[in-house]
Amino acid sequence: MKRVWKMGKWGLFFLSIGCLMIIFAADAKSGTYDILSLVTAGFFIVISIVMITKEKRQKLSENQVE
């Protein structure tokens, strides 16, 4: 059970890092975005969604077994 909880915490951590990177990728003065930061942020968000859904599936399967 601890492994599942750690995976969920890491998923939320990567999600927050991805959101912060999206916020800081924009340049307010010129109105442009840093493409590399946006791609990296998208990668973090996708990985975090995969980790969180994997955790939910494992919890559902554990509840069905019990």
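Everything that follows concerns the structure shown earlier in this document.
Residues numbered from 1 in each chain as written. Predicted model: local features only at pLDDT ≥ 70, side-chain atom pairs only at ≥ 80, totals over all residues. Heavy atoms only, no water.

Draft legend 1. The overall build of the chain, seen in detail. Within the chain one finds 2 helices and 2 strands. Each helix and strand of the chain, ordered N terminal to C terminal, gives the series α-β-β-α. The buried share of the chain, taken over its 66 residues, is 20%. In the chain, 62% of the contacts between residues at least 6 apart in sequence involve partners at least 24 apart. (Helix = DSSP H or I, 4+ residues; strand = E, 2+ residues; numbered from the N terminus. Buried < 20%, exposed > 50% of the residue type's maximum accessible area, 1.4 Å probe, protein only. Contact = heavy atoms within 4.5 Å.)

Draft legend 2. Representation of the side chain of Ser48 within the structure. Secondary-structure assignment places Ser48 in helix H2 (residues 35-65). Every residue in contact with Ser48, bar those within four places of it in the chain, is listed here: Gly11, Phe14 and Leu15.

Draft legend 3. Geometry of the packing of aromatic side chains. For the structure shown, the criterion picks out 5 aromatic pairs. Where Trp10 meets Phe14, the ring centres are 5.9 Å apart and the plane angle is 35°; that geometry is what we call tilted. Linking Trp10 with Phe14, this pair stays in helix H1 (residues 2-25), spanning 4 residues, or about one helical turn. For Phe14, a relative accessible area of 22% translates into the label partly exposed. Between the aromatic rings of Phe13 and Phe14, the centroid separation amounts to 5.8 Å while the plane-to-plane angle is 55°, which identifies the pairing as tilted. Given a relative accessible area of 40%, Phe13 falls into the partly exposed group. An aromatic cluster of at least three residues, connected via ring pairs, comprises Trp10, Phe13, Phe14, Phe43 and Phe44. (Phe/Tyr/Trp six-rings, centres within 6.5 Å; stacked < 30°, edge-to-face > 60°.)

Draft legend 4. Structural view of the pattern of salt bridges. One pass over the structure, following the stated rule, counts 1 salt bridge. Here Glu55 makes a salt bridge to Lys59, at a shortest N to O gap of 3.6 Å. In this pair, Glu55 and Lys59 are both assigned in helix H2, 4 residues apart and thus about one turn of the helix distant. Overall, Glu55 belongs to the buried group, its relative accessible area being 9%. (Salt bridge = Lys/Arg side-chain N within 4 Å of Asp/Glu carboxyl O.)

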